[in-house]
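# Topology and contacts: notes
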Amino acid sequence: MDIPRLSRAALACAALLTAALPASAEPGRLLASQCAQCHGTNGAGPGFDELAGKSSSDLFNDMIEMKYGSIEGIMDRQARGYTDDQLQLISDYLSTLPGNGDD
Amino acid sequence: MMTLNRRQFLKLAGTASALATLPRAVHAAVAPRVVVVGGGFGGATLAKYLRMWGGNIQVTLVDANPSHFSCILSNLVVTGALPMSRITLGFDSLINNHGIAVMQGQAVAIDAPGNTLTVKTASGNLILPYDHLVLSPGIDFVAPAGNWKPNLTPHAWRAGSQTILLKKQLAAMRSNETFVMTVPKAPYRCPPGPYERACVVADYLKRKGHTGAKVLVLDANAGITAEPEAFGHAFNVAHAGIIEYVPNATVLSVDSDTRSIVTTAKTVNGAKVLNYIPNQRASAITKGLPHDSTRFVPVDPLTYGTAKYPNIHVIGDSCTVPASDGKAVPKSGHMANSEAKICADAIVRSFTGEPPDINIATSSACFSPITNRTSSWLSANFIYGDIFDANGKVKGKGMHRVDIGEAPENMIDGDSYQDMFTWADSIFADSFM
């Protein structure tokens, strides 16, 4: 067996793998993925209101209003399922995503 | 492409100790491998999100069927409101857009110490090595005493040919005939599902003008287990005179040949349709893993890993998530999708050497048709943290239910019925597209 050649190949292989390693998760990404069942993957539809690319403060204020307001729809319940800090992380993350420009 | 196993690579690299502190993916001479069993809402979502978030992770999804038949919306296939094609979800996008290898076959054995899964395929048994194995196999049924033949008395609690069989039997019903169905003892897949079925079947019989036709609901539980207001109202008002609801009906025996059932509350002989939905347990592929008293597999709420083998994960209907007493995490397609994302993130972190995220939340939301024009909805949310016993004392860590609620009466309407399709299209796409 040609060890030096295989070693070089193995190390090159490892270097390539290093380049393709998963990046560390961005804060809010996992929490925001829980919106996708109803708003589409990365908040970009298909589904209810598009979330991707909306302003963080609009998203956060809307969800706080739903969380602390009366029950007028299913989203008023879902907003109660997160702490205020979690709603902020979700809003910040979704605001960084490219949307389709839909409402 | 050259392939070396991990031992060969470490030997060639020669400095195993220097590598020991690096994330596992760096040691591996081949990309990290995750094998997923079950292409339903849990498995499909897990596979997709691992590829979205996980760089070069190789993902193989094993399913016995060439596509998935969704239980979500399937009661509307039973009544003929929707065609089978509406609940048939293919794996094409997972393959072509996400680079997932889909293998059609039956997962038959796990070699946990050896980290391999054996899959029975049309071309013989294949052995798949894995770094992580994720089981999302759905439910199995607990057979009742007696003579149970699901091909005569369909459960239709796994969608597909069972859905079509129940649809045909319902279509053959006429005036003064009775549709008998059971509600399994909790925990079971889709808590509102049986009550939803009773409603849409009653609505169908009414719309067809089958005077005197009835739906008899034999519930093994002490009362309606989900959306008690919406279904209680539907049974007592909207479908009054058609649905008869019987709680505390523990099934003692079933005879499919005569469509007869004996329960602790009522006995029926010769029903026109016997839609016996059996009690449920974790899928047989989990048999080497520890089970709890409810016959499901307890998991770590941060990773969905199992006690003895942290790299074997169970998500969706087959798992039990630690939760506060009386506030169990429901078994549903929506929840399976939710859990899949937590599990995917934890697996990616294990490859990058990070601990699992503890700032996590899961949820379930669903719409339940009451008639062919109106729907109710149900919402439940969980956050990781302390969980409590019945006396409010902290009993450990898990997913604590922070909110639950059903549609108020004035929201059980046509708008909710339309929202049901928006929700279904969204979760279908988030899981399979």
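Here the structure is a predicted model, which is why all the values come from computation and not from measurement. Here the residue numbers are simple positions, counted from 1 along each chain's written sequence. Starting at A for chains and at 1 for ligands, labels are handed out in the order in which the entities are written. In keeping with the model being predicted, local features are shown solely for residues with a pLDDT of at least 70 and side-chain atom pairs are shown and tallied solely at 80 or more, while totals for entire chains, interfaces and linings include all residues. Values reported for side chains reflect all heavy atoms of the structure, with hydrogen atoms and water molecules removed beforehand.

## Points about the pairing of strand β14 (residues 243-246) of chain B
Residue and element names in this part refer to chain B. Spelled out, the test is: DSSP calls a pair of strands paired once it identifies at least 2 bridges connecting them. Secondary structure is summarised from DSSP: a helix means a run of H or I of at least four residues, a strand means a run of E of at least two, and numbering begins at the N terminus for each. Looking down the strands as they point away from the viewer, one classifies a crossover as right-handed if the path from the first strand across the helix to the second runs clockwise.
Pairing geometry for strand β13 (residues 214-219) and β14, over four bridges, is parallel. For Leu216, the partnering residue across the bridge sits in β14 and is Glu244. Handedness of the crossover joining β13 and β14 through helix α9 (residues 228-238): right-handed.

## Considering the layout of surface pockets
Residue and element names in this part refer to chain A. Note the following rule: A cavity, in this analysis, means grid points on a 1 Å lattice covering only the protein atoms where a 1.4 Å probe fits yet has no way out; a pocket is instead an open set bounded by protein on both sides within 12 Å along at least five of seven lines, and a residue lines either one if it has an atom within 4 Å of a point. Grid points are joined across faces, edges and corners, and a volume is the space filled by probe spheres set on the points. The nonpolar class holds Ala, Val, Leu, Ile, Met, Phe, Trp, Tyr, Cys and Pro. Asp, Glu, Lys and Arg form the charged class, and all remaining residues, Gly among them, are polar.
Approximately 710 Å³ is the volume found for the second largest pocket. As for the second largest pocket, its lining consists of 34 residues, of which His39, Phe48, Asp49, Met66 and Met75 are closest to the centre. Here the lining of the second largest pocket takes four residues from helix α4 (residues 56-68), the largest share from any one element. Split into classes, the residues belonging to the lining of the second largest pocket amount to 17 nonpolar, eight polar and nine charged.

## Observations regarding the packing of aromatic side chains
The geometry of an aromatic ring pair is captured by two quantities: the separation of the ring centres and the angle between the planes. All names here are of chain B. The condition that has to hold: Two rings from Phe, Tyr or Trp (for Trp, the six-membered ring) form a pair when their centres sit within 6.5 Å of each other. Planes less than 30 degrees apart are called stacked, planes more than 60 degrees apart edge-to-face, and all others tilted. Throughout, exposure labels follow a simple rule: accessible area from a 1.4 Å probe, protein chains only, divided by the maximum for the residue type, with under 20% read as buried, over 50% as exposed, and the rest as partly exposed. Definition used: whenever NZ (Lys) or CZ (Arg) falls within 6 Å of the ring centre and also within 35 degrees of the ring normal, the charge is taken to sit over that ring.
Scanning all chains against the criterion turns up 11 aromatic pairs over all chains. With a centroid separation of 6.0 Å and 85 degrees between ring planes, the pair formed by Trp148 and Tyr276 is classed as edge-to-face. Of this pair, Trp148 sits in the loop between β11 (146-147) and α7 (161-171) while Tyr276 sits in the loop between β18 (273-275) and β19 (280-282), placing them 128 residues apart in sequence. Ring geometry for Phe235 versus Tyr245: centroids 5.6 Å apart, planes at 45 degrees, classification tilted. Of this pair, Phe235 sits in helix α9 while Tyr245 sits in strand β14, and the two are 10 residues apart along the sequence. Take Tyr245: its relative accessible area is 23%, and that puts it in the partly exposed class. Taken together, the ring pairs in this structure connect Phe41, Phe91, Phe428 and Phe432 into an aromatic cluster. Against the face of Phe296 rests Lys331, its NZ or CZ located 3.8 Å from the ring centre.

## A closer look at a positive patch on the surface
Our working rule: Only residues whose relative accessible area exceeds 30% and that form no salt bridge are eligible for patches; like-charged ones are grouped when within 9 Å, while nonpolar side chains (Val, Leu, Ile, Met, Phe, Trp, Tyr) are grouped when within 5 Å. Accessible areas in this description were obtained via Shrake-Rupley with a 1.4 Å probe; residue shielding takes into account the shown protein chains only. Any carboxyl oxygen of Asp or Glu that lies within 4 Å of a side-chain nitrogen of Lys or Arg is treated as forming a salt bridge with it. Positive charges come from Lys and Arg, negative ones from Asp and Glu, while His and the chain ends are left out of the count. Working definition for charges: the position is that of NZ of Lys, CZ of Arg, CG of Asp or CD of Glu.
On the surface, a cluster of positive charge is made up of B:Arg174, B:Lys208, B:Arg259 and B:Lys272. For B:Lys272, the location among the structural elements is in the loop between β17 (267-268) and β18.

## Some points on the environment of B:Ile87
All names here are of chain B. Short version of the rule: Whether two residues are in contact is decided by their heavy atoms: any pair within 4.5 Å suffices.
Looking at where Ile87 falls in the secondary structure, it is placed in the loop between α5 (74-78) and β4 (88-90). Here the alpha-carbon distance between Ile87 and Ser136, two residues 49 residues apart in the chain, equals 19 Å. Sequence-distant contacts of Ile87, that is, excluding residues within four places in its chain, are made with His68, Phe69, Ser70, Ile72, Leu73, Ser74, Val77 and Ala159.

## Details of the packing of helix α8 (residues 193-207) of chain B against α9(B)
All names here are of chain B. Rules: In this description, a line fitted to the C-alpha atoms serves as the axis of each element, helices being fitted only across the stretch in contact, and the angle between N-to-C directions of two axes falls anywhere from 0 to 180 degrees. The cut-offs work like this: below 35 degrees is roughly parallel, past 145 is roughly antiparallel, 65 to 115 is roughly perpendicular, and the gaps in between are oblique. Crossing chirality is assigned from the near helix's rotation relative to the far helix, an anticlockwise turn below a right angle marking it left-handed and a clockwise turn marking it right-handed.
Between α8 and α9, the least distance of the axes is 10 Å, while the angle of their chain directions is 25 degrees. As summarised for this structure, α8 and α9 are arranged roughly parallel, according to the angle between their axes. The two elements α8 and α9 cross, and the hand of that crossing is left-handed. Taken together, the residues of α9 that come into contact with α8 (itself represented by Tyr195, Glu196, Ala198, Cys199 and Lys206) are Phe231, Ala234, Phe235 and Ala238. In terms of residue class, the contact of α8 with α9 is built from seven nonpolar, no polar and two charged.

## Structural notes on the packing of α4(A) against helix α6 (residues 84-95) of chain A
Residue and element names in this part refer to chain A. Contact geometry of α4 with α6 gives a least axis separation of 8 Å together with a crossing angle of 145 degrees. Pair α4 / α6 crosses with right-handed handedness. Within the contact between the two elements, α4 uses Ser56, Leu59, Phe60, Met63, Ile64, Lys67 and Tyr68 and α6 uses Asp84, Leu87, Gln88, Ile90, Ser91, Asp92, Leu94 and Ser95. Classifying every residue of the contact of α4 with α6 gives eight nonpolar, four polar and three charged.

## Examining the sheet that holds β18(B)
Residue and element names in this part refer to chain B. One open sheet accounts for four strands, arranged β14-β13-β12-β18; its pairing is parallel. The open sheet terminates on both sides in strands that have one partner only, identified here as β14 and β18. The mean angle between the axes of side-by-side strands here comes to 15 degrees, regardless of whether they run parallel or antiparallel. Pairing of strand β12 (residues 178-183) with β13 involves six bridges; the strand directions are parallel. When the bridges of β13 are listed, Thr182 appears paired with Leu218. Against the sheet, α7 makes contact with β12 and β18, and its axis sits at roughly 150 degrees relative to β18, the strand it touches most.

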